[in-house]
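What follows is each chain in one-letter form.
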Amino acid sequence: IHNAKGLVFKNLPKKIFFKETTATLALRSKPSLTEGERYFYIPKRKTVVVLEKEAKINQTYWWDKISYDTTIGYSANKYLKNVKPKTATTTATLALRSEPSLESGERYFYMPKGAVVTILEKNVASAGGFKWNRVFYDGQEGYCANQYLK
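Conventions used here
- Residues numbered from 1 in each chain as written.
- Predicted model: local features only at pLDDT ≥ 70, side-chain atom pairs only at ≥ 80, totals over all residues.
- Heavy atoms only, no water.
- Helix = DSSP H or I, 4+ residues; strand = E, 2+ residues; numbered from the N terminus.
- Buried < 20%, exposed > 50% of the residue type's maximum accessible area, 1.4 Å probe, protein only.
- Contact = heavy atoms within 4.5 Å.
- Polar contact = N/O pair within 3.5 Å; in protein donor to acceptor, adjacent residues only side chain to side chain.

Here Thr70, not a glycine, exhibits a phi torsion of approximately 65°, which is positive. Among the structural elements, Thr70 can be located in the loop between strand E5 (61-68) and strand E6 (71-76). Using a relative accessible area of 9% as the deciding quantity, one classes Thr70 as buried. The backbone of Asp138 sits at a positive phi, close to 50°, despite the residue not being glycine. Looking at the secondary structure, you find Asp138 in the loop between strand E12 (130-137) and strand E13 (140-145).

Attention now moves to the environment of Arg38. Its place among the elements puts Arg38 in strand E3 (residues 38-42). With relative accessibility at 42%, the residue Arg38 sits in the partly exposed group. Arg38 sits 67 residues away from Gly105 along the chain, and the two C-alpha atoms are 23 Å apart. In this structure, Arg38 is in contact with Ala26, Leu27 and Arg28, ignoring residues within four places of it in sequence. At 3.2 Å, the side chain of Arg38 and the side chain of Tyr41 are in polar contact.

Keep in mind these numbers describe shape, not what the thing actually does.
Next up, the structure:
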């Protein structure tokens, strides 16, 4: 998984979990309300990728290590509920990108035709004549054009 600085995270857990935010929720650099940086707020009802469940307990909260919008950090799991997101199949070889755009961001890799991807968020943007979904595939969160998914 890449974070906002483009670093690659290896040794992902064999079982990836998905949760949905039950409130607007801060994504933080450390599992703490007072230490570290607050990256940004994740809106309510957004799906996140859980990399490590109950990673730390600090200040009476259990913290999950998560990925959202290609940024990795910690959020209080009190405000996350388990979900089973929908999946889709690629209908052609399809690029997984760091941003919902053909012009900006990086192309991580190509997903083969017939690959099953997890849909984290549908229609997050329209750019380059495509509507874009936020997806998870083969340990990587990113964006792909939704017209090539069924």
